[in-house]
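# Breakdown of the fold
Chain residues, written in single-letter form:
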Amino acid sequence: MKMVRIVQMADTHLGYRARRGTISKWAIQNYSRPYEQELYDTFLKVMEDVSKIKDLDFLVHCGDMFHHPFLYNSYPPPEPARRTFKEGLEIFFRNTNNQVPLIYIEGNHGIFRGYEYTPFESHIKEQEFPNLHYFKERNLITAIKEKKPLELDFPTKKTRFYLFPYFEFKGFEIYQQQYDNWIETQRPPKGDGYLNIAIAHGSAGDDTLHNKVNSDDLGYDYVALGHEHGLKMLSKNHFYSGSLLPLNFKEVLEKQGYLIVDINPKTKSLNIEKVFTDELLQRTFTIITIKVYPNQSSIDLRNKIINELDCYVNDNGFDSKTAARLKINFSGEITFEKNWQINEMMSSIRRDCFSETEKYNILQLLWKILDISEDLEDDISAGRIQDYILEKPDAEFKTFVNEKLNEEQSNFDVDKLAQIGMRALKKALRNIEREKEV
Ligand SMILES: [Mn+2]
């Protein structure tokens, strides 16, 4: 029995540039920054490699092709990002002779909010790529309005895709209800011999993935996910492929890559091969830990830091292709004075590194000061904050709302209001957690 073979990739974030604490150097003068260029190179290599995979039936990209625009930043992707994207498509379709469909759903990055026009459309014409199947937020909204599924059928391969472009359906009650109703149209028919595959951009972690997609509720044979940047298995048939390379220091601790998914159309059994593209990284991208002691002299501490950075001294000096991205975590017992001293010292060391480009091969140098005493009290997890501030946030909030409404003698649905309040609280707690993550 011939397997159906799908390659899953996601979160390419073309146009991403490492900014904070980076040296002011280009990869190509006035064109691309060093890490930005490395992402382009990696993407093109991956498109080349993937297009040569034998017996490939589908290439699926689960969203966030471009990094910009994002949220309230409405700048389009930089020109090199759009060029790279187009080149990637050309490589793929040329090498596959236009025979392999590329299915793309939009994520939360690289979209002009509130506009129907997308960066995809601003750079390529759909008719140039007859086997590109592109689903944007607008397609989803139309499907919801018309109460129709958003799906793509390939009868000759007996394979059907259900598309879930990114959508903040939880932002407003009215959306959530409509989405809840609509999602039932995304339930595959039973026993028609098709493989049913979902493609979604979102995550349960930030409430952007519907519970029915996150679970086995709808009975898909495979769920290809984007949004989380680490390659990971969520369940036996739910996978994030992750980005191609880590973008920030948090992501350095994860793996990234793409997945070659083989599905047996009869038994629906899966065989999943992970291809780790983070191993293609040309530069050191790492977190260094330095322990600080209470009565350590500043000369001693300075030497320790310089010692670490000496690993990145290069005979040829700065090289945009291999220059390191470094973050130093200072831990130990750090007094207020020491804290100030470290900041001062690191600023001057970074200045030196960045001005001695004939010596240091460093692209980015960041630091973070973790105080031991802070570590002890730093567990601002949702659970903890609820413990400290409110014992039973929902009940106490309900009492509070009830009292207020009684005072005003107004007549609202207390349960509804309490629900809204709890949602606001949870959102606030998530924001606290996110701020911690840098
Ligand atoms: Mn995303």
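Remember, predicted model here, so these are calculated numbers, not experimental data. In this numbering scheme, every chain counts its residues from 1 along its sequence in written order. Totals for whole chains, interfaces and linings use all residues, but because this is a predicted model, local features are given only for residues with pLDDT of at least 70 and pairs of side-chain atoms are given and counted only at 80 or more.

Let us look at the overall build of the protein chain. A run of H or I in DSSP becomes a helix once it reaches four residues, and a run of E becomes a strand once it reaches two; helices and strands are each numbered from the N terminus. When its secondary structure is counted, the protein chain shows twelve helices and 15 strands. With respect to the three principal axes, the spread of C-alpha positions in the protein chain is 75 × 70 × 40 Å. For the exposure call, what matters is how many other C-beta atoms sit within 10 Å of a residue's own: 20 or more marks it buried, 12 or fewer exposed, and in between partly exposed, using C-beta atoms placed from the backbone. Each of the 438 residues in the protein chain was classed as buried or not, and the buried ones make up 34%. A residue pair is marked as a contact if its C-beta atoms, positioned from the backbone, fall within 7 Å. When contacts within the protein chain are restricted to residue pairs at least 6 apart in sequence, those whose partners lie at least 24 apart make up 73%.

This part takes up the sheet that holds strand S3 (residues 102–105). In this description, strands pair whenever DSSP reports at least two bridges between them. Spatially, the six strands line up as an open sheet ordered S4-S3-S2-S1-S11-S12, and their pairing is mixed. Where the open sheet ends on each side, the last strands, each with one partner, are strand S4 (132–135) and strand S12 (270–276). Geometrically, the sheet is characterised by an average inter-axis angle of 20° between neighbouring strands, direction not taken into account. Summarising the sheet, strand S1 (residues 4–9) and strand S2 (residues 58–61) pair through four bridges and their orientation is parallel. Under this scheme, a helix contributes an axis fitted over its contacting stretch, all axes are lines through C-alpha atoms, and angles between N-to-C directions fall in the 0 to 180 degree range.

Where helix H7 (residues 298–309) contacts helix H8 (residues 336–355), the axes come no closer than 11 Å and their chain directions differ by 40°. Here H7 lies oblique to H8, going by the angle between them. Pair H7 / H8 crosses with right-handed handedness. For the pair formed by H7 and H8, the contact residues are Ser298, Arg302, Ile305 and Leu309 on the first element and Gln341, Met345, Ile349 and Cys353 on the second. Here the contact of H7 with H8 is built from residues that sort into five nonpolar, two polar and one charged. Roughly parallel refers to an angle under 35 degrees, roughly antiparallel to one over 145, roughly perpendicular to one between 65 and 115, and oblique to any angle outside these ranges. Crossings are sorted by hand: turned counterclockwise from the far helix by less than a right angle, the near helix makes the crossing left-handed, and turned clockwise it makes it right-handed. Gly falls in the polar group here, along with every residue not listed as nonpolar (Ala, Val, Leu, Ile, Met, Phe, Trp, Tyr, Cys, Pro) or charged (Asp, Glu, Lys, Arg).

So, about the pairing of strand S5 (residues 151–154). In the sheet, S5 pairs with strand S6 (residues 159–164) via four bridges, with the strands oriented antiparallel. Note that in S6 the partner of Asp153 across the bridge is Arg160.

For the rest of this paragraph, the subject is the packing of helix H1 (residues 34–51) against helix H2 (residues 79–95). As a packed pair, H1 and H2 sit with axes 8 Å apart at the nearest point and diverge in direction by 10°. Between H1 and H2, the angle is such that the two are roughly parallel. Facing H1, whose interface residues are Tyr40, Phe43, Leu44, Met47, Glu48, Val50 and Ser51, H2 presents Pro80, Thr84, Glu87, Gly88, Ile91, Phe92 and Asn95.

Buried Ala, Val, Leu, Ile, Met, Phe, Trp, Tyr and Cys residues whose C-beta atoms connect them within 7 Å together make up a nonpolar core. Ranked by size, the top nonpolar core spans 80 residues in total, and within it Val60, Ala198, Ile199, Ala200 and Ala224 carry the most contacts. For this core, the element with the most residues is H1, which contributes seven residues. Counting residues domain by domain, this core receives three or more from each of domain 1 (4–280) and domain 2 (285–376). Those residues in contact with Ala200 that lie beyond four places of it in its chain are Cys62, Phe164, Leu209, Val213, Val223 and Leu225. In this entry, domain limits derive from an automatic or database-based domain assignment.

Attention now moves to helix H11 (residues 393–408). Every helix has an expected span of 1.5 Å times one less than the residues it contains. Along its 16 residues, H11 runs 22 Å from first to last C-alpha, staying within 8% of the 22 Å computed at 1.5 Å per residue. Just downstream of H11 lies Gln409, where phi reads positive at about 55°.

Below, the discussion takes up the confidence of the model for the protein chain. Every residue carries a pLDDT, the predictor's confidence in it, which falls somewhere between 0 and 100. Here the protein chain averages 90 in pLDDT, and 94% of its residues register 70 or above. Contacts of residues 376–388 to residues separated by more than four positions or lying in other chains number seven contacts, the stretch itself having pLDDT below 50.

With that settled, consider unusual backbone geometry. In this chain, His68 is followed by Pro69 through a cis amide linkage whose omega measures -5°. Structurally, the position occupied by Pro69 is in the loop between S2 and H2. In this structure, Asn30 takes a positive phi of about 55° despite not being glycine. Inspection of the secondary structure assignment puts Asn30 in the loop between S1 and H1. The residue Asp207 is not glycine, and still its phi comes out positive at about 65°. Along the chain, the position of Asp207 falls in the loop between strand S7 (195–201) and helix H6 (211–214). Looking at Asp207, the number of C-beta atoms within 10 Å reads 17, which means it is partly exposed.

Before going further, it helps to examine the environment of Asn316. By the element assignment, Asn316 lies in the loop between H7 and strand S14 (324–332). Look at Asn316 and you get exposed, because 9 C-beta atoms sit within 10 Å. Between the alpha carbons of Asn316 and Lys359 there is a distance of 7.0 Å; along the sequence they are 43 residues apart.

This part is about the pairing of S7. In terms of burial, S7 is a largely internal element, seven of the seven residues being buried. When the strands point away from the viewer and the path from the first strand over the helix to the second turns clockwise, the crossover is right-handed. Each parallel crossover has a hand, and the one from S6 via helix H5 (residues 173–182) to S7 is right-handed.

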